[in-house]
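Survey of secondary and tertiary structure
Now for the letters of each chain:
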There are 2 protein chains.
Amino acid sequence: MSGIQKIGLFDSGLGGLTVLRALNKILPGVPKVYYGDTLHLPYGDKSDAAIIGYSTAIVQFLKDEGCQLIVIACNSASAAAGKALVEQFPELTFINVIDPVVDYLAALPPQKVGLLGTRATVRSGAYSQKLAAKNSEVELHALATPLLVPLIEDGFLGTGIDASVLAHYLKDPAMKGITSLVPGCTHYPLLEEAAASILSGVHWVDAPSIVAQAVAKHWTGEHSEGNAFYLSDRTDNFLRLAEKTFGIDAQWELVRLED
Amino acid sequence: MSGIQKIGLFDSGLGGLTVLRALNKILPGVPKVYYGDTLHLPYGDKSDAAIIGYSTAIVQFLKDEGCQLIVIACNSASAAAGKALVEQFPELTFINVIDPVVDYLAALPPQKVGLLGTRATVRSGAYSQKLAAKNSEVELHALATPLLVPLIEDGFLGTGIDASVLAHYLKDPAMKGITSLVPGCTHYPLLEEAAASILSGVHWVDAPSIVAQAVAKHWTGEHSEGNAFYLSDRTDNFLRLAEKTFGIDAQWELVRLED
């Protein structure tokens with residue numbers, strides 16, 4: 001057992017890059033392999049069975065690439081496939097994007113917390129169940145906000161329409177009286193500015209940093225170079241946004257996995 | 001050769017139901033098989049190679065179901081895979097959703113026509129090239145409007161945000177001075193009301209009816225019952241919208257094809 005020398009991350013597309021960005025701040029110079037399953041994007045509207053199938057193939061690939069720690073950098077996959085992956089790959093260490101945020105929320109004073117997520121994430125009830133088991137005084141109210149991912153992917157950040165759509169969703173009765181709001185999809189942290197323009201007195205939870213800190217606790221390897229970037233479908237949109245929004249001007253290699 | 005007895009339609013999801021609805025008006029009581037490739041939705045952001053792969057598997061399935069005429073009820077698939085399908089299945093009759101609309105536009109008086117489509121449709125240049133070959137005085141200007149599909153799928157029809165997003169897209173310089181507007185994606189006809197609220201003096205082209213009329217010209221069979229509905233992924237969202245927006249309360253059977 002040589003410890004953890006390489007970190008793998010995956011998402012259906014761009015969103016996981018918010019986690020990669022946070023991780024690069026805490027663990028710069030650590031080799032990371034990112035797989036964006038753009039061929040099957042978005043996961044958030046797919047069935048659990050489909051998400052488990054895609055995730056299993058990707059984790060096998062990341063394992064073959066030499067990763068010992070896998071960040072499931074997608075809430076839909078964390079909720080739908082997290083348990084199945086841990087069972088199938090007992091030799092790997094998994095960090096999903098839900099548990100570290102639940103631990104963070106469980107340590108807050110009693111309050112009503114809002115959670116925005118994809119249909120798959122909200123349907124799973126993962127955040128609510130896990131939080132209820134740890135601290136019943138922090139009350140979680142989840143809302144499915146499926147337009148937010150395509151809104152971000154299609155370049156509507158900063159147009160004002162992003163704030164209108166967010167405001168439309170936040171009118172939902174479930175969001176009444178919340179004092180903290182969790183971006184429960186790895187794309188949503190990019191909406192922080194739009195949220196700031198319409199929310200006042202509501203704490204926007206910095207989920208990517210919380211997840212990155214959880215990863216950093218497991219890191220036991222040396223710092224060295226050697227990042228790698230893979231996609232299952234090469235789309236101009238992905239490449240454009242990866243560079244424009246995240247400044248990642250990497251060589252993205254096309255690797256299509258069997259479902 | 002027993003002529004055309006059964007019609008197959010496919011799309012990545014809901015959009016093709018606008019064509020099915022128009023077809024049901026013109027050819028009620030004709031057996032139709034609909035395949036919604038919800039597992040791979042949306043096609044509009046995928047590469048041509050991926051779209052050709054999915055479409056080929058679906059057409060083989062529809063052929064095995066006894067369809068002799070296939071409506072490629074998706075602009076992205078018509079543009080990316082139309083030619084490949086005709087070559088691979090010379091025994092079948094194909095109606096794509098582009099050619100009938102191009103024929104319609106070519107018969108218009110000289111003017112500037114706007115076309116809204118997915119990235120794949122616009123990237124293909126299919127409408128522009130085909131129209132230019134038939135009538136160079138009807139000038140086509142295409143604009144990629146990728147947020148419109150998820151906007152519709154996520155229930156924003158009639159919220160006012162649909163009109164805001166459409167208005168945002170129509171501010172593009174390419175749309176200046178248009179007198180007709182083509183909904184170049186089978187979802188977009190559902191935006192007719194939103195378009196009416198922001199467009200004045202611009203003719204909204206009724207693409208599904210134009211396509212349905214082209215199909216009706218090929219129909220040579222008897223009228224009889226026996227519709228069938230298939231999906232590659234069972235999602236609550238699809239089933240809800242199929243019923244709510246299209247009144248289709250059918251038994252959708254899950255059939256997953258090999259890519």
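Just so we're clear, the structure is a prediction, and the values are computed from it rather than from any experiment.

To continue, consider the relation of the copies chain A and chain B. Mapping chain A onto chain B calls for a rotation angle of 180° and an axial translation of 0.0 Å; the resulting RMSD is 0.0 Å. Given the turn and translation reported, the copies of this chain are related as if by a two-fold rotation axis. With an isologous cut-off of 70% or more, the 100% of interface residues of chain A that recur at the interface of chain B puts this contact in the isologous class.

Further remarks concern the environment of Thr-18 of chain B. All names here are of chain B. Relative to the elements of secondary structure, Thr-18 occurs in helix H1 (residues 16-26). Thr-18 sits in the buried class, given a relative accessible area of 3%. Each C-alpha atom, one on Thr-18 and one on Ser-209, is 8.9 Å from the other, the two residues being 191 residues apart in sequence. Discounting chain neighbours no more than four positions away, the residues touching Thr-18 are Thr-186, Pro-189, Leu-190, Pro-208 and Phe-246. A distance of 2.7 Å separates a polar atom in the side chain of Thr-18 from the backbone oxygen of Thr-186.

Turning to the interface of chain A and chain B, a few remarks are in order. Counting residues at the interface gives 30 residues for chain A and 30 residues for chain B. A buried area of about 2200 Å², summed over both sides, lies between chain A and chain B, and 59% of it is on carbon and sulfur atoms. Where chain A meets chain B, there are 2 salt bridges. A salt bridge links Asp-154 of chain B to Arg-119 of chain A, with the nearest nitrogen and oxygen atoms 3.2 Å apart. At the surface where chain A touches chain B, the tally comes to 8 residue pairs in polar contact (both at pLDDT 80 or more). Those elements that place two or more of their residues in the side of chain A that touches chain B are helix H2 (48-64), helix H7 (148-153), helix H8 (161-170) and helix H11 (236-246) of chain A.

All right, on to the domain arrangement of chain A then. Residue and element names in this part refer to chain A. Segmenting chain A into domains produces domain 1 (7-96 + 210-254) and domain 2 (99-207). Relative to domain 2, the C-alpha centre of domain 1 lies at a distance of 21 Å. Across the contact, 30 residues belong to domain 1 and 26 residues belong to domain 2. Summed over both sides, the interface between domain 1 and domain 2 buries roughly 1900 Å², with carbon and sulfur atoms accounting for 55% of that surface. If you sort the residues of domain 1 by the area they bury against domain 2, Asn-75, Asn-96 and Ile-210 come out on top, with a joint share of 32%. Counting across the domain 1 and domain 2 interface gives 1 salt bridge. Between Asp-48 and Arg-123 there is a salt bridge, with its nearest N and O atoms 3.1 Å apart. Taken together, domain 1 and domain 2 are joined by 14 residue pairs in polar contact (both at pLDDT 80 or more). Put simply, the parts of the chain that give the side of domain 1 that touches domain 2 at least two residues each are helix H1 (16-26), H2, helix H3 (75-88), strand E4 (93-96), helix H10 (207-218) and H11. Top contributing element to the side of domain 1 that touches domain 2 by residue count: H11, with 5 residues.

To continue, consider the sheet that holds strand E10 (residues 252-254) of chain A. By way of backbone hydrogen bonds, the strands of a sheet pair with one another, either parallel or antiparallel. Residue and element names in this part refer to chain A. Ordered in space as E4-E3-E1-E2-E9-E10, the 6 strands form an open sheet in which the pairing is parallel. Of all strands in the sheet, those with a lone pairing partner are E4 and E10, marking the two edges. Averaged over all neighbouring strand pairs, the angle between strand axes comes to 25°, with direction disregarded. Looking at chain direction, strand E9 (residues 228-231) and E10 are connected through 3 bridges and run parallel. By the bridge assignment for E10, Tyr-230 is matched with Glu-253.

Right, let's get into the pattern of salt bridges. All names here are of chain B. Here the structure, examined in full by the defined rule, presents 12 salt bridges over all chains. The shortest N-O distance in the salt bridge between Lys-63 and Glu-91 comes to 2.7 Å. In this pair, Lys-63 sits in helix H2 (residues 48-64) while Glu-91 sits in the loop between helix H3 (75-88) and strand E4 (93-96), placing the two residues 28 residues apart along the sequence. For the salt bridge of Asp-233 with Arg-256, the shortest nitrogen-to-oxygen distance reads 3.2 Å. Placement of the pair is Asp-233 in the loop between strand E9 (228-231) and helix H11 (236-246) and Arg-256 in the segment after strand E10 (252-254), with a sequence separation of 23 residues. On the accessibility criterion, Asp-233 (1% relative accessible area) is buried.

Cut-offs and rules
Numbering of residues begins from 1 in every chain and follows the order in which that chain's sequence is written. Key to labels: chains lettered from A, ligands numbered from 1, both in the order written. Thresholds applied to this predicted model are a pLDDT of at least 70 for local features of residues and 80 or more for the giving and counting of side-chain atom pairs; totals over whole chains, interfaces and linings are not thresholded and use all residues. To get the side-chain values, take all heavy atoms of the structure and skip hydrogens and water. Copy-to-copy superposition: least squares on the C-alpha atoms, limited to residues that have pLDDT of at least 70 in both copies. Contacts are assigned to residue pairs that have any heavy atoms within 4.5 Å of one another. Only DSSP runs of H or I covering at least 4 residues are called helices, and only runs of E covering at least 2 are called strands; the numbering of each starts at the N terminus. Type-normalised accessible area, obtained with a 1.4 Å probe on protein chains alone, sets the label of each residue: buried when under 20%, exposed when over 50%, and partly exposed for intermediate values. A 3.5 Å cut-off defines polar contacts: any pair of N or O atoms within that distance qualifies, except that in protein one atom must be a possible hydrogen donor and the other a possible acceptor, and neighbouring residues in sequence count only when both atoms are side-chain atoms. The quantity reported as buried area is the accessible area (1.4 Å probe) lost by two parts once they are put together, taken as the sum for both. Any Lys or Arg side-chain nitrogen found within 4 Å of a carboxyl oxygen on Asp or Glu counts as a salt bridge. The start and end points of each domain follow an automatic or database-based domain assignment. The pairing criterion is simple: DSSP has to find at least two bridges between the two strands. Lines fitted to the C-alpha atoms define the axes, with helices restricted to the stretch that makes contact. Angles between their N-to-C directions range from 0 to 180 degrees.

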